[in-house]
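# Report on the structure
Take a look at the letters that make up each chain.
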Amino acid sequence: MVSAGQHNGTSTENCQICHGQLEYFNLGRELSCFRCGIKETANIVCPNGHYICDKCHGEGLFDTVKDYVLKSKSINPLEIAEYLMNLDNVPMLGCENAWIAAAALMSALKNEGTAKVTDELIVEVLNRTKKQAIGGYCGLTGVCGIVPAIGACFSVILGASCSKDRETAIVMSVAGRIIGTIAKETGPCCCKNFLRKSLDESVKMVKEHLCISLTIAREDNVCKYVDRHPHGCRKEKCSYYKNT
Ligand SMILES: [Zn+2]
Ligand SMILES: [Zn+2]
C-alpha cells in the first residue's frame with residue numbers, strides 16, 4: 001500500500017533537457033522552470049533537478065494548433081486531431097493534446113456551420129482550456145485536461161456561466177461524461193487514447209445537446225504511437241492498438 005506523501009516512483013519518461021528519467025512526487029515542491037525561471041509548486045522533476053513549467057512545455061505549439069484549425073475545412077474532429085497529433089513537436093503526453101481536442105471539435109463545428117462558430121470563439125475556447133489543462137493533473141487531481149477542453153467548447157457555444165442555469169448544467173454533465181469515458185481507458189494514462197475517445201463521445205453529445213451531426217470517427221483508426229509511450233502502451237486493452 002502507498003501512504004500519502006511518499007515518493008511516487010519513477011517513470012520511463014525522459015527529461016526534455018538531459019533525457020534523465022522523470023520522477024513523480026506525491027507532495028509538490030517548489031521548483032524553478034529550467035527555461036523561464038518561474039518558481040512554482042510542482043510534482044514532476046528529473047534527477048538532475050530540471051523542471052519545465054507547463055507554459056514552456058508547449059512553447060510555440062499553441063499558435064501552431066490555433067493557426068491550423070482556423071484554416072481547416074473538415075467537419076471530422078478526429079481527422080483534424082490526427083493531423084495535429086502527427087506533428088513532430090506535439091509531445092506523446094501532455095496537455096498540448098487537450099488543446100488539440102478543443103481546437104478540433106470547435107473547428108469541425110465551425111465548418112459544419114449550424115452553431116455559428118467564429119474564429120474568435122475558437123480562440124476563446126483555446127484560452128479557457130489553457131487555464132485549466134495542466135500536464136500531469138489527470139493523475140494528480142482526477143481531471144484530465146481534455147475535460148475542460150470539451151467543457152469549454154460547449155460552454156462557449158451555449159453561453160454558459162456561473163449565473164446561468166440549464167446551460168451550465170449541460171456543460172457540467174458534458175464534462176462528467178468525458179471524465180467517465182476517460183476513466184475506463186487508464187492504466188497507464190494515454191493522451192492519444194483519451195483524445196480519440198473524448199472526441200467520439202463529444203460527437204455524440206454534440207448530436208444530443210446541439211442537434212448537430214458531425215462526421216463520426218473512422219472505424220479503422222490504428223494508433224502509430226505505440227513505441228513512443230513512456231509508460232508503456234496498453235496494447236490489447238486499447239481499442240486503437242493493432243498487433244501487426
Ligand atoms: Zn534533466
Ligand atoms: Zn517555464
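- With an unreviewed UniProt entry as reference, the chain is termed DUF5714 domain-containing protein, source organism Desulfosporosinus meridiei.

## Concerning the coordination of the zinc ion (ligand 2)
- Protein-derived ligands of the zinc ion (ligand 2) are Cys-33 (SG), Cys-36 (SG), Cys-53 (SG) and Cys-56 (SG), with the metal-ligand distances lying across 2.3 Å.
- Angles of 104 to 113 degrees at the metal separate the four donor atoms of the zinc ion (ligand 2), which places the site in the tetrahedral class.
- Here the donor residues for the zinc ion (ligand 2) map to a single chain with the spacing C-x2-C-x16-C-x2-C. With Cys-33 in the loop between strand 2 (21-32) and strand 3 (39-45) and Cys-53 in the loop between strand 3 and helix 1 (54-57), this residue pair connects regions lying 20 residues apart in the sequence. With respect to burial, Cys-33 and Cys-53 carry one shared label: buried.

## Structural notes on the state of the cysteines
- Going through the model one piece at a time under the given rule, you end up with zero disulfides.
- Summary of cysteine pairing: Cys-223 is not part of a disulfide, and the nearest cysteine sulfur, belonging to Cys-190, is at 6.0 Å.

## Comments concerning the packing of helix 3 (residues 77-85) against helix 4 (residues 96-112)
- In contact at an axis separation of 8 Å, helix 3 and helix 4 are set at 145 degrees when each is read in the N-to-C sense. Crossing geometry of helix 3 relative to helix 4 is assigned as right-handed. Where helix 3 approaches helix 4, its residues Pro-77, Ile-80, Ala-81, Leu-84 and Met-85 are matched on the opposing element by Asn-97, Ile-100, Ala-104, Leu-105, Ser-107 and Ala-108.
- Its residues assigned to classes, the contact of helix 3 with helix 4 comprises nine nonpolar, two polar and no charged.

## Some details on the coordination of the zinc ion (ligand 1)
- Cys-15 (SG), Cys-18 (SG), Cys-46 (SG) and His-50 (ND1) make up the full set of protein donors to the zinc ion (ligand 1), lying at 2.0 to 2.3 Å.
- Taken together, the four donor atoms surrounding the zinc ion (ligand 1) define angles of 106 to 113 degrees at the centre, an arrangement classified as tetrahedral.

## Structural notes on the domain arrangement of the chain
- The domain boundaries assigned to the chain delineate domain 1 (7-56) and domain 2 (58-228).
- Computed from C-alpha atoms alone, the centre-to-centre distance between domain 1 and domain 2 is 26 Å.
- Counting residues at the interface gives six residues for domain 1, matched by nine residues for domain 2.
- Between domain 1 and domain 2, roughly 600 Å² of surface is buried when both sides are summed, and carbon and sulfur atoms account for 44% of that area.
- Applying the counting criterion to the domain 1 and domain 2 interface returns zero salt bridges.
- The tally of links from domain 1 across to domain 2 stands at six residue pairs in polar contact (both at pLDDT 80 or more).
- Broken down by secondary-structure element, the contributors of at least two residues to the side of domain 1 that touches domain 2 are strand 3 and helix 1.
- When residues of the side of domain 1 that touches domain 2 are assigned to their parent elements, the largest contribution, three residues, is made by helix 1.
- Counted by class, the side of domain 1 that touches domain 2 contains two nonpolar, one polar and three charged residues.

## A closer look at the environment of Asp-119
- Position of Asp-119 relative to the elements: it lies in helix 5 (residues 119-132).
- We classify Asp-119 as partly exposed; its relative accessible area is 34%.
- The residues contacting Asp-119, other than those within four sequence positions of it, are Leu-70 and Lys-110.

Reading guide: rules and limits
Residues numbered from 1 in each chain as written. Chains lettered and ligands numbered in written order. Predicted model: local features only at pLDDT ≥ 70, side-chain atom pairs only at ≥ 80, totals over all residues. Heavy atoms only, no water. Donors = N, O, S within 2.8 Å, 3.2 Å for Na, K, Ca; no water. Tetrahedral: all angles 85-135°; square planar, octahedral: opposite > 155°, others 65-115°. Helix = DSSP H or I, 4+ residues; strand = E, 2+ residues; numbered from the N terminus. Buried < 20%, exposed > 50% of the residue type's maximum accessible area, 1.4 Å probe, protein only. Disulfide = S-S within 2.5 Å. Axes fitted to C-alpha atoms, helices over the stretch in contact; angles between N-to-C directions. Left-handed = near helix turned anticlockwise from the far one by under 90°. Contact = heavy atoms within 4.5 Å. Nonpolar A, V, L, I, M, F, W, Y, C, P; charged D, E, K, R; others polar. Domains from an automatic or database assignment. Buried area = accessible area lost by both parts, 1.4 Å probe. Salt bridge = Lys/Arg side-chain N within 4 Å of Asp/Glu carboxyl O. Polar contact = N/O pair within 3.5 Å; in protein donor to acceptor, adjacent residues only side chain to side chain.

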